[in-house]
Protein chains: 2
Amino acid sequence: MICEIISVGTELLLGEIANTDAQYISKGLAELGIFCYYHSVCGDNPARLNETLRIARGRADIIITTGGLGPTADDLTKETIAAAFGRKLYTDEAQLERLKIRMSGRPMTSNNLKQADLPEGCTVLENDWGTAPGCAIEWEEGKHLIMLPGPPSECRPMFDHRARPYLMALSDSVIYSTYIRIYGMGESAVEDKLSFLMNSLENPTAAPYAKDGECEVRVTARAKTEEEAKAMCAPVVEQIREILGDVIYGIDVGSIEEALSMVMKEKKLTVATAESCTAGLVAKRITDIAGASEYFNMGVVTYSNEAKMKLLGVSEETLKAHGAVSPETAAEMARGIRLLSGADIGISVTGIAGPGGGTPEKPVGLYYAGVSTAEGEEVISRSFRTTRQRIRHSAASAAIDLARRAAEKL
Amino acid sequence: MICEIISVGTELLLGEIANTDAQYISKGLAELGIFCYYHSVCGDNPARLNETLRIARGRADIIITTGGLGPTADDLTKETIAAAFGRKLYTDEAQLERLKIRMSGRPMTSNNLKQADLPEGCTVLENDWGTAPGCAIEWEEGKHLIMLPGPPSECRPMFDHRARPYLMALSDSVIYSTYIRIYGMGESAVEDKLSFLMNSLENPTAAPYAKDGECEVRVTARAKTEEEAKAMCAPVVEQIREILGDVIYGIDVGSIEEALSMVMKEKKLTVATAESCTAGLVAKRITDIAGASEYFNMGVVTYSNEAKMKLLGVSEETLKAHGAVSPETAAEMARGIRLLSGADIGISVTGIAGPGGGTPEKPVGLYYAGVSTAEGEEVISRSFRTTRQRIRHSAASAAIDLARRAAEKL
């Protein structure tokens, strides 16, 4: 099956937003084993949407549209598509009822009501995340068009919970993927270590991907049922676990901070942060996870040497002898925040995020991340020249991963 | 002039990255007054790129492609386009020389060398941000195709410094835009206040846009020269300044934190941060600006009540009587961090970022931001129900804007 994604919205053509809907759906299609050869974007303009539909019909089995289902005058996707495929719109009573309940209290204009109008003979895709329902039509045998709303907060769950099951029902097999998340080993090193295994696999398959300075291995199986596909993936995941060891921070978890959250809650531990070059990013990422207050109480940003001494008790001698960007300072910062906060684990970051401030001995991109527990301190260092933003992201990941590893051992 | 953007890259169709190149270029085209009716994405596949080119040629005067200019085997954009427009590739000696200098020390494979191959009769667009040059061809009179590299770190400056001047030279007038950045007043309120002025304008024009919880007004003039267009914008910007007053945090600045940076450096002031629900995001955003160490030394993340008392001296009575999310606590946090750090300005945030933790009196989305100077404390509050991430972003913006306003007055 070949799919084409058509995104409708003048805001895309004006550059006001990026087409993240197409990205999200494409990723989902790849997981389902459905090929996507083209994305198209057109404005809220019936003639140009018609032209785009005409082209897509000629080269795709599945068309997924995003956008243009809302209540305003420029939302014309449903009307245009219904006309293009010779279908009338009818008012769906069940959807009208849902709309009325959802809008309760607010005035219902005729524009709001039109969201319940749907093409005859369609499969309704109920929208639990917004007002406009989606729908799917089979325009000829084996050829399907699915309309999803445009706002990403609606498009994503509508794809996962409505379009995905619809697409899976079209196939007699199911694709299931599981993601092994890795920090601290690059894509090529992972590929190297797993090449023997990967080459021997046919179904399931395993493939590494680089992602935001991390790496993930996707293990994908195709089978009659999801259960069966899952069971096929499991032994491969175990093999990869054995080969890669503790650089794996989680299976099917969203991020290092989510993996940290799981182990901290399970072991009822607490962590505190002391940051220099990341300046709040470590604490921010830890608390991106709702419920972080269970294991995070306190952090400090000590950007200047004075702040490092005053808040964390880093010694003047250490700063003079080794400098603020040094393993010694990182260790004292981690220890200092652990003692100040009373947390089980203290973590620290100090480095040179640039673009200025580098020297030949301590270039831009050099950072130290430290961890302190009752058993002592540990510091790692890394150096790679890239943008200020990426250096800070990488340094924050290093510190959070140190906390995760320390927690695993406690 | 009507433009179409074609992005070439299988990674886009697999959902590995979003098409931010198309967004960036679209924004630039809108500023130039060039219409963009379609974006198309296809993979690194000559047949499908040919099909996409064929369609675009039939409906656009300008085609801009991104991607596929690099050294690897799947980079086929140049070869495919040259063939489609009946042009041979030649090795450009000047580009070959540049390549050799850029790669000095590293081994030059034949793949690397092919980056200097360009279509006959093209205008070379030198790439100062990467290895692969871009180019432009006039495929028939008044019809132009511009090839840009795919990595955003190359595509963006190549558009700004190469494609933009090329496009401007095609027109006998110049478009100049200036951006008035606003925090603390919504798009519709801004539109309301400016509607009389906006309606009276023809050239320049003024239009408000919502952007990441903020608002900006774009003032655009068309004239013979950029200087002339700039001069036409200036009095309109002044009028808008008079109407909107201090909700304007800057003209042509990138962000609130950049505006803060400018005033802090100019006035030689310092700021320190005390954060609860934003948990490091305020400090992180302040230090996103390189050189922030001139005016930022210290911040604390006091997530628990104990941390607020211990580090900032927030009184137990205040926390008991009013709770952690209260104007009283916000004021004591701001004052506490100012005294602890010795900075001129202390700022604070406390709120309920959700999804849990809300009550009828203090719902998810309620936050207080505080500022403290030698002259006293000030607290603002806001409440709007949205995602954890957006609530935290908004609260951080509020605190940074309070610091900016306080600095303006000191």
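This one's a predicted model, so the numbers in the text were calculated from it and none came from an experiment.

About the cut-offs
Residues numbered from 1 in each chain as written. Chains lettered and ligands numbered in written order. Predicted model: local features only at pLDDT ≥ 70, side-chain atom pairs only at ≥ 80, totals over all residues. Heavy atoms only, no water. Least-squares fit on C-alpha atoms with pLDDT ≥ 70 in both. Contact = heavy atoms within 4.5 Å. Salt bridge = Lys/Arg side-chain N within 4 Å of Asp/Glu carboxyl O. Helix = DSSP H or I, 4+ residues; strand = E, 2+ residues; numbered from the N terminus. Buried < 20%, exposed > 50% of the residue type's maximum accessible area, 1.4 Å probe, protein only. Axes fitted to C-alpha atoms, helices over the stretch in contact; angles between N-to-C directions. Parallel < 35°, antiparallel > 145°, perpendicular 65-115°, else oblique. Left-handed = near helix turned anticlockwise from the far one by under 90°. Nonpolar A, V, L, I, M, F, W, Y, C, P; charged D, E, K, R; others polar. Phe/Tyr/Trp six-rings, centres within 6.5 Å; stacked < 30°, edge-to-face > 60°. Lys NZ or Arg CZ within 6 Å of the ring centre and 35° of its normal. Buried area = accessible area lost by both parts, 1.4 Å probe. Polar contact = N/O pair within 3.5 Å; in protein donor to acceptor, adjacent residues only side chain to side chain. Pairing = 2+ DSSP bridges. pLDDT = per-residue confidence, 0-100.

**Student:** Looking at this structure, I do not really get the relation of the copies chain B and chain A. What am I missing?
**Tutor:** Each copy of the chain is related to the other by a rotation around an axis and a translation along that axis. It takes a turn of 180° to lay chain B on chain A, together with a shift of 0.2 Å along the axis; the resulting RMSD is 0.2 Å. Overall, the copies show the geometry of a two-fold rotation axis. When the interface residues of chain B are mapped onto chain A, 100% of them are again interface residues, pointing to one common binding face.

**Student:** For this particular structure, what's the right way to read the pattern of salt bridges?
**Tutor:** Between side chains of opposite charge, pairing is possible as soon as their charged atoms come close. Residue and element names in this part refer to chain A. Taken as a whole and assessed by the stated rule, the structure comprises 40 salt bridges over all chains. For the salt bridge of arginine 181 with glutamate 214, the shortest nitrogen-to-oxygen distance reads 3.3 Å. Taken together, the positions of arginine 181 in strand E9 (residues 174-182) and glutamate 214 in strand E11 (residues 214-223) put the pair 33 residues apart, joining distant regions of the chain. Glutamate 214 matches arginine 181 in its accessibility class, with the two residues each being buried. One salt bridge connects lysine 320 with glutamate 316, and the closest N-O pair in it is separated by 3.8 Å. Remark: glutamate 316 and lysine 320 occur in helix H13 (residues 316-322); sequence separation between them is four residues, near one turn of the helix. Shared partners join several salt bridges into a network, and the residues in it are Asp246, Asp401, Arg404, Arg405 and Glu408.

**Student:** What exactly am I supposed to notice about the packing of helix H12 (residues 305-312) of chain A against helix H14 (residues 327-341) of chain A here?
**Tutor:** How two helices sit against one another is set out by the angle between their axes and by the gap between those axes. Residues and elements named next belong to chain A. Running from N to C, H12 and H14 cross one another at 40°; their axes reach a closest spacing of 9 Å. By the angle between their axes, H12 is oblique relative to H14. When the axes of H12 and H14 are compared, the crossing they make is left-handed. Between H12 and H14, the residues in contact are Lys308, Leu311 and Leu312 and Thr329, Glu332, Met333, Gly336, Ile337 and Leu340, respectively. Each residue belonging to the contact of H12 with H14 can be placed in one class, and the counts come to five nonpolar, two polar and two charged.

**Student:** Which parts of the structure should I look at to understand the packing of aromatic side chains?
**Tutor:** Aromatic ring pairs are described here by two measures, namely the spacing of the ring centres and the angle between the planes. Per the stated rule, a full pass over the model turns up six aromatic pairs over all chains. With a centroid separation of 5.5 Å and an interplanar angle of 65°, the aromatic rings of A:Phe296 and B:Tyr303 are classed as edge-to-face. One end of the pair, A:Phe296, is in strand E14 (residues 296-302); the other, B:Tyr303, is in the loop between strand E14 (296-302) and helix H12 (305-312), on a second chain. Positioned over the ring face of B:Tyr37 is A:Arg48, at 3.5 Å from the centre of the ring.

**Student:** What exactly am I supposed to notice about the interface of chain B and chain A here?
**Tutor:** Frequently, the measure chosen for interface size is the accessible area that the parts lose on association. On the chain A side, the residues contacting the 55 residues of chain B number 55 residues. For the pairing of chain B and chain A, the buried interface totals around 4300 Å² over both sides, and the portion due to carbon and sulfur atoms is 58%. Between chain B and chain A we count four salt bridges in total. In this structure, the salt-bridge partner of B:Glu51 is A:Arg59, at a minimum N-O distance of 3.8 Å. For the pair chain B and chain A, the number of links is 24 residue pairs in polar contact (both at pLDDT 80 or more).

**Student:** Looking at this structure, I do not really get the environment of A:Val364. What am I missing?
**Tutor:** All names here are of chain A. Checked against the element boundaries, valine 364 lands in the loop between strand E15 (345-351) and strand E16 (366-373). Residues valine 364 and phenylalanine 35 lie 329 residues apart in sequence; the distance between their C-alpha atoms is 42 Å. Apart from residues no more than four positions distant in its own chain, valine 364 is found in contact with Ile352, Ala353, Gly354, Pro355, Gly356, Gly358, Phe384, Arg385 and Ile391.

**Student:** Just to check I follow, could you spell out the side chain of A:Ser255 for this structure?
**Tutor:** Topologically, A:Ser255 is positioned in the loop between strand E12 (248-251) and helix H10 (256-267). Setting aside chain neighbours within four positions, we find A:Ser255 in contact with A:Arg181, A:Tyr249 and A:Ile289.

**Student:** I'm lost on the sheet that holds E11(A) in this one. Help?
**Tutor:** Backbone hydrogen bonds hold the strands of a sheet together, and the pairing may be parallel or antiparallel. Residues and elements named next belong to chain A. Strand order in the open sheet made by the four strands is E10-E11-E9-E12, with antiparallel pairing throughout. Both outer strands of the open sheet, strand E10 (205-211) and E12, are each paired with one neighbouring strand and no more. Recorded for the sheet is a direction-independent mean angle of 25° between the axes of neighbouring strands. Sheet strands in contact with helix H2 (residues 20-32) are E9, E10 and E11, and its direction is about 115° off that of E9.

**Student:** Sorry, what's going on with the packing of helix H3 (residues 46-57) of chain B against helix H4 (residues 77-84) of chain B here?
**Tutor:** All names here are of chain B. It is at 10 Å that the axes of H3 and H4 come closest, and there the two elements cross at 50°. When the interaxial angle is binned, H3 and H4 end up oblique. Judged by the twist between their axes, the crossing of H3 over H4 is right-handed. Residues Pro46, Leu49, Asn50, Leu53 and Arg57 of H3 touch H4, and the partners they reach there are Thr77, Thr80, Ile81 and Ala84. Split into classes, the residues belonging to the contact of H3 with H4 amount to five nonpolar, three polar and one charged.

**Student:** Could you clarify how one ought to interpret the pairing of E9(A) in this entry?
**Tutor:** Remark: a regular strand shows side chains that alternate across the two faces of the sheet. Residue and element names in this part refer to chain A. Here E9 lies mainly inside the structure; nine of its nine residues are buried. Residues Val174, Tyr176, Thr178, Ile180 and Ile182 of E9 are buried on one face, and the alternating residues Ile175, Ser177, Tyr179 and Arg181, pointing to the opposite face, are buried as well. Sheet topology places E9 next to E12; three bridges connect them, and they run antiparallel. If you follow isoleucine 180 over to E12, its bridge partner there is isoleucine 251.

**Student:** Hey, could you run me through the sheet that holds strand E13 (residues 271-275) of chain B in this one?
**Tutor:** Here ten strands make up an open sheet; going across it, the order is E17(A)-E16(A)-E15(A)-E13(A)-E14(A)-E14(B)-E13(B)-E15(B)-E16(B)-E17(B) and the pairing mixed. The sheet terminates laterally at strand E17 (376-383) of chain A together with strand E17 (376-383) of chain B, the two strands that pair on one side only. Taken over all neighbouring pairs, the strand axes of this sheet differ in orientation by 15° on average, direction set aside. Of the strand pairs in this sheet, E15(A) and E16(A) are connected by six bridges, and their pairing is antiparallel. For A:Gly351, the partnering residue across the bridge sits in E16(A) and is A:Tyr367.

**Student:** Looking at this structure, I do not really get the environment of B:Glu97. What am I missing?
**Tutor:** Residues and elements named next belong to chain B. Tracing the sequence through the fold places glutamate 97 in helix H5 (residues 93-102). The class for glutamate 97 is partly exposed, based on a relative accessible area of 44%. A C-alpha to C-alpha distance of 21 Å links glutamate 97 and glutamate 79, two positions 18 residues apart in sequence.

**Student:** What's the story with the confidence of the model for chain A in this structure? I'm lost.
**Tutor:** Where the model shows low pLDDT, its predicted coordinates should not be examined in detail. Summarising the model, chain A shows a mean pLDDT of 93, and 100% of its residues fall at 70 or more. On the interface metric, ipTM, the complex scores 0.80, and its pTM is 0.82.

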